[in-house]
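Coordinate inspection notes
Residue strings, one per chain:
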Amino acid sequence: MMIYLRLIWSYLKIGFFGFGGGYAMLALIENEIVSPGWITEKMFTDIVAISQMTPGPIGINSATYIGYAAPMKALAPCSPLWGIAGSLLCTLVVVLPSFILVRYAGHYIRRHRQSEAIEGVFRGLRPVVIGLIASAALILMNGENFGYATADITVSVAICVAVLALNLFTKIHPIWLICAAGVAGFILF
């Protein structure tokens, strides 16, 4: 049962300090979830990939998955109901801080929208969010995503650059790019 308290504490921290959305949360999620050993680095990168392809924010999708996986690992063998309870709990806990902050801070921000102090706070948060998103990109540039052998890294970087170029310079829909990259990875690996 201690696993649930640890998950609540971790996701409260993620919910309160995860400014900037899912990508900005990735470093915090990795630190809180992978470091204690609840999931592996490979599982983390898989969660990020799946969260990209499924509807909903990364933070919530990862909370739902990790909320299921962590109790199943910690309490093994156990009923899937323990995992479902963990999923519901983590999803609720990661959303709760945002709900509270938006509910109460939103009124204050609307009333003081023209305030220099509020504008200063948001000007200070913007570079932090950009830095957190950049750190998320660096976190995902690991051996689990790009491979450990030189040939694997070369092929992975080539796929990454090709998809980036196609996304930037053509009108190909991102879903088709995701499918094409998956097919290329299946064929090449």
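Remember, it's a predicted structure, so these values are computed and weren't measured experimentally.

Focus on the overall build of the protein chain
- The secondary structure content of the protein chain amounts to 9 helices and 0 strands.
- Ordered by position from the N terminus, the helices and strands of the protein chain form the series α-α-α-α-α-α-α-α-α.
- Along the first, second and third principal axes, the C-alpha set of the protein chain runs to 55 × 50 × 25 Å.
- With 189 residues in all, the protein chain has 29% of them scored as buried.
- Contacts in the protein chain between residues far apart in sequence, at least 24 positions, make up 57% of those at least 6 positions apart.
- For the protein chain, the exposed surface amounts to about 11,900 Å²; the carbon and sulfur share of it is 73%.

Describing the nonpolar core
- Among the nonpolar cores identified, the biggest contains 26 residues, and Leu 7, Tyr 11, Ile 39, Phe 44 and Ile 66 are the most heavily contacted of them.
- Of all the secondary structure elements, the ones that give two or more residues to this core are α1 (2-17), α2 (22-33), α3 (41-53), α4 (58-74), α5 (80-111) and α6 (116-139).
- Excluding residues within four positions of it along the chain, Ile 39 makes contact with Ile 33, Val 34, Phe 44, Ile 47, Ile 66 and Ala 69.

Brief notes about the packing of α2 against α3
- For the pair α2 and α3, the least separation of the axes is 12 Å and the interaxial angle reads 155°. With respect to α3, the axis of α2 lies roughly antiparallel. Read as a crossing pair, α2 and α3 show a hand that is right-handed. Between α2 and α3, the contacting residues are Tyr 23, Leu 26, Ile 29 and Glu 30 on the first element and Glu 41, Phe 44, Val 48 and Gln 52 on the second.
- The class makeup of the residues in the contact of α2 with α3 is 5 nonpolar, 1 polar and 2 charged.

Observations concerning the confidence of the model for the protein chain
- The pLDDT averaged across the protein chain works out to 83; a share of 96% of its residues lies at or above 70.
- Averaged over each element, pLDDT in the protein chain is lowest for helix α7 (residues 143-146) (68) and highest for α1 (88).

Considerations on the state of the cysteines
- Applying the stated rule across the entire model yields 0 disulfides.
- Not part of a disulfide, Cys 160 finds its nearest cysteine sulfur in Cys 179, a span of 17 Å.

Quick look at a nonpolar patch on the surface
- A cluster of nonpolar side chains, Val 95, Leu 96, Phe 99, Ile 100 and Tyr 104, forms an exposed patch at the surface whose accessible area comes to about 490 Å².
- By the element assignment, Phe 99 lies in helix α5.
- Residue Phe 99 is classed as exposed on the basis of its relative accessible area of 54%.

Overview of the pattern of salt bridges
- Applying the stated criterion across every chain yields a total of 3 salt bridges.
- For Lys 42, the salt bridge goes to Asp 46, with nearest N and O atoms at 3.4 Å. Of this pair, Lys 42 and Asp 46 both sit in helix α3, separated by 4 residues, roughly a single helical turn.
- Using a relative accessible area of 44% as the deciding quantity, one classes Lys 42 as partly exposed.
- Taking the shortest distance from any N to any O, the salt bridge between Arg 123 and Glu 119 comes out at 3.8 Å. In this pair, Arg 123 and Glu 119 are both assigned in helix α6, 4 residues apart and thus about one turn of the helix distant.

What counts as what
Residues numbered from 1 in each chain as written. Predicted model: local features only at pLDDT ≥ 70, side-chain atom pairs only at ≥ 80, totals over all residues. Heavy atoms only, no water. Helix = DSSP H or I, 4+ residues; strand = E, 2+ residues; numbered from the N terminus. Buried < 20%, exposed > 50% of the residue type's maximum accessible area, 1.4 Å probe, protein only. Contact = heavy atoms within 4.5 Å. Areas by Shrake-Rupley, 256 points an atom, 1.4 Å probe, with all protein chains shown as cover. Core = buried A, V, L, I, M, F, W, Y, C linked by side-chain atoms within 4.5 Å. Axes fitted to C-alpha atoms, helices over the stretch in contact; angles between N-to-C directions. Parallel < 35°, antiparallel > 145°, perpendicular 65-115°, else oblique. Left-handed = near helix turned anticlockwise from the far one by under 90°. Nonpolar A, V, L, I, M, F, W, Y, C, P; charged D, E, K, R; others polar. pLDDT = per-residue confidence, 0-100. Disulfide = S-S within 2.5 Å. Patch = residues over 30% accessible without salt bridge, like charges linked within 9 Å, V, L, I, M, F, W, Y side chains within 5 Å. Salt bridge = Lys/Arg side-chain N within 4 Å of Asp/Glu carboxyl O.

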